[in-house]
Amino acid sequence: MPTEERPAPPENPGWRIEHLPLLSAVSMALLLCAGSAGFLAGGPDAAVGAAAGVLIVTLSYTMSTLVIAWADTVRPALLMPLGMLTYVVKYSLLGVILAIGVTIKWPGWVALGWGIVAAVVVWTGVQAWWVHRRVVRKVI
């Protein structure tokens, strides 16, 4: 049985994660803004909730990016299974956290939800801008 030929690894595998420093900086700025807005809107509990929402998304998206980048450098055939496994684990944990959270009477839950929404919108927007900038840079 012939062995499977593996493609040569790319010359610069760092491009898969080169957007992370910018996204991390933007996420930390958003975390501070969300915490401040939460505090002004609902006090300390809302501040913690909003900041936690942003932190959950930041850690989640960073983990996905690192797992997918690692899988692509080690063996591209692992990309889809590991990517899907990462998403299943992430969203299962989020579902469990939210299911438990419904039973807990904590004033920061609404702010946590808004922090998650804000972080998803900002992270996705900044990453789309990054990709667009990278594509335009290649074309020119």
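This section reports on the structure supplied with the text.

Rules used in this analysis
- Residues numbered from 1 in each chain as written.
- Predicted model: local features only at pLDDT ≥ 70, side-chain atom pairs only at ≥ 80, totals over all residues.
- Heavy atoms only, no water.
- Axes fitted to C-alpha atoms, helices over the stretch in contact; angles between N-to-C directions.
- Helix = DSSP H or I, 4+ residues; strand = E, 2+ residues; numbered from the N terminus.
- Parallel < 35°, antiparallel > 145°, perpendicular 65-115°, else oblique.
- Left-handed = near helix turned anticlockwise from the far one by under 90°.
- Contact = heavy atoms within 4.5 Å.
- Buried < 20%, exposed > 50% of the residue type's maximum accessible area, 1.4 Å probe, protein only.
- Lys, Arg positive; Asp, Glu negative; His and termini not counted.
- Salt bridge = Lys/Arg side-chain N within 4 Å of Asp/Glu carboxyl O.

1. A look at the packing of helix α1 (residues 20-42) against helix α2 (residues 44-74)
1) Next: At a closest axis distance of 6 Å, the pairing of α1 and α2 adopts a crossing angle of 165°. In terms of axis orientation, α1 runs roughly antiparallel to α2. Note on packing geometry: the crossing formed by α1 with α2 is right-handed. Side by side, α1 and α2 meet where Leu20, Ser27, Met28, Leu30, Leu31, Ala34, Gly35, Gly38, Phe39 and Gly42 of the first sit next to Pro44, Ala46, Ala47, Ala50, Ala51, Val54, Leu55, Thr58, Thr62, Thr65 and Leu66 of the second.

2. Structural notes on the side chain of Lys90
1) Next: Examined against the element boundaries, Lys90 turns out to sit in helix α3 (residues 79-103).
2) Next: One buried charge, Lys90, has no salt-bridge partner; the nearest side chain with opposite charge is Asp72, at 17 Å.
3) Next: In contact with Lys90, other than residues within four places in its own chain, are Ser60, Tyr61, Met63 and Ser64.

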